[in-house]
Each structure stands twice: as structure tokens, then as C-alpha cells.
Amino acid sequence: MGIIEQAVDTMKVKLDDACEQGTITSSERMLSVIAGGFILGYCLKKVIKKPLTALSGVTLGGALIARGITGKCPVTGAIHQAEEEERNLTLIERRYFEK
């Protein structure tokens, strides 16, 4: 087992331990943490030259890291909730309007 595989396995275990009941997949969680780290690091370098751009990047990077660590995504949850409500609404329409 190489160093990279060992690091990836360790990261997967830590992410899974942080949130066992996540609503996003483990690969999506790992990509969120990695992308958030890159965005956060890049924008922290630019804080002095472009503070407004850096602030938005730090916010985005932090949100991606939090999403990856917790495994919960409010956008994904809202999409699933809207799909479920649409299915229930369709069922109600069929019951009352079709004979």
C-alpha cells in the first residue's frame, strides 16, 4: 500500500467517523474538503490585495470544507424535499381528480 492510498484511506475513515448519517456520498465529501481547502488557501493569500474577492472565496472554501466534514448539504436536502413534496402532490391530484 502506497503513501497516497494510505492517506486516502485515513481521510475516508476520519470523514466517515465525523458523520455516519451523511446525506452526500463519501467521494463527494472528500472532493468538497479538497476543493474547499484549495479555495480557502488561495483566497487567504489574496486577502491583502483583493479583500472583497478573498472574503467571498474564504466563505465558499469554508462552506465546502464544512459540507465535506459534516456530510450534510442543505441544497441537496432541499432538492430531495421538493421532489418528495412533488410526488405527494401528484398522488393527491390523482386521487381527487381522476375517476
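Please refer to the structure placed before this passage.
Since this is a predicted model, take the numbers as computed values, not measurements.

Colleague: Help me understand the packing of helix 2 (residues 26–45) against helix 3 (residues 51–70), please; the structure alone is not making it clear to me.
Modeller: Between two packed helices, what matters for the description is the angle formed by their axes and the separation of those axes. Interaxial distance between helix 2 and helix 3 falls to 7 Å at its minimum, and their mutual angle equals 155°. Of the possible angle classes, the one that applies to helix 2 and helix 3 is roughly antiparallel. As for the relative orientation of helix 2 and helix 3, their crossing is left-handed in sense. In contact with Glu28, Arg29, Ser32, Val33, Ala35, Gly36, Gly37, Ile39, Leu40, Cys43 and Leu44 of helix 2, helix 3 contributes Ala54, Gly57, Val58, Leu60, Gly61, Gly62, Leu64, Ile65, Arg67, Gly68, Ile69 and Thr70. Tallied by class, residues from the contact of helix 2 with helix 3 come to 12 nonpolar, eight polar and three charged.

Colleague: For this particular structure, what's the right way to read helix 2?
Modeller: Structural remark: α-helix, 3.6 residues per turn; residues separated by three or four positions point the same way. Helix length check: helix 2, at 20 residues, gives a terminal C-alpha distance of 29 Å against a target of 28 Å (1.5 Å per residue), a fit within 8%. When helix 2 is considered as a whole, its buried residues turn out to be Arg29, Met30, Ser32, Val33, Gly36 and Cys43.

Colleague: For this particular structure, what's the right way to read a positive patch on the surface?
Modeller: On the surface, Lys45, Lys46, Lys49 and Lys50 cluster together into a patch of positive charge. Looking at the element boundaries, Lys45 is found in helix 2. Taking the relative accessible area as the measure of exposure, Lys45 reaches 69% and is therefore exposed.

Rules used throughout
- Residues numbered from 1 in each chain as written.
- Predicted model: local features only at pLDDT ≥ 70, side-chain atom pairs only at ≥ 80, totals over all residues.
- Heavy atoms only, no water.
- Axes fitted to C-alpha atoms, helices over the stretch in contact; angles between N-to-C directions.
- Helix = DSSP H or I, 4+ residues; strand = E, 2+ residues; numbered from the N terminus.
- Parallel < 35°, antiparallel > 145°, perpendicular 65-115°, else oblique.
- Left-handed = near helix turned anticlockwise from the far one by under 90°.
- Contact = heavy atoms within 4.5 Å.
- Nonpolar A, V, L, I, M, F, W, Y, C, P; charged D, E, K, R; others polar.
- Expected span 1.5 Å × (residues − 1).
- Buried < 20%, exposed > 50% of the residue type's maximum accessible area, 1.4 Å probe, protein only.
- Patch = residues over 30% accessible without salt bridge, like charges linked within 9 Å, V, L, I, M, F, W, Y side chains within 5 Å.
- Areas by Shrake-Rupley, 256 points an atom, 1.4 Å probe, with all protein chains shown as cover.
- Salt bridge = Lys/Arg side-chain N within 4 Å of Asp/Glu carboxyl O.
- Lys, Arg positive; Asp, Glu negative; His and termini not counted.
- Charge placed at Lys NZ, Arg CZ, Asp CG, Glu CD.

The quantities given are spatial measurements derived from coordinates; they are silent on function.
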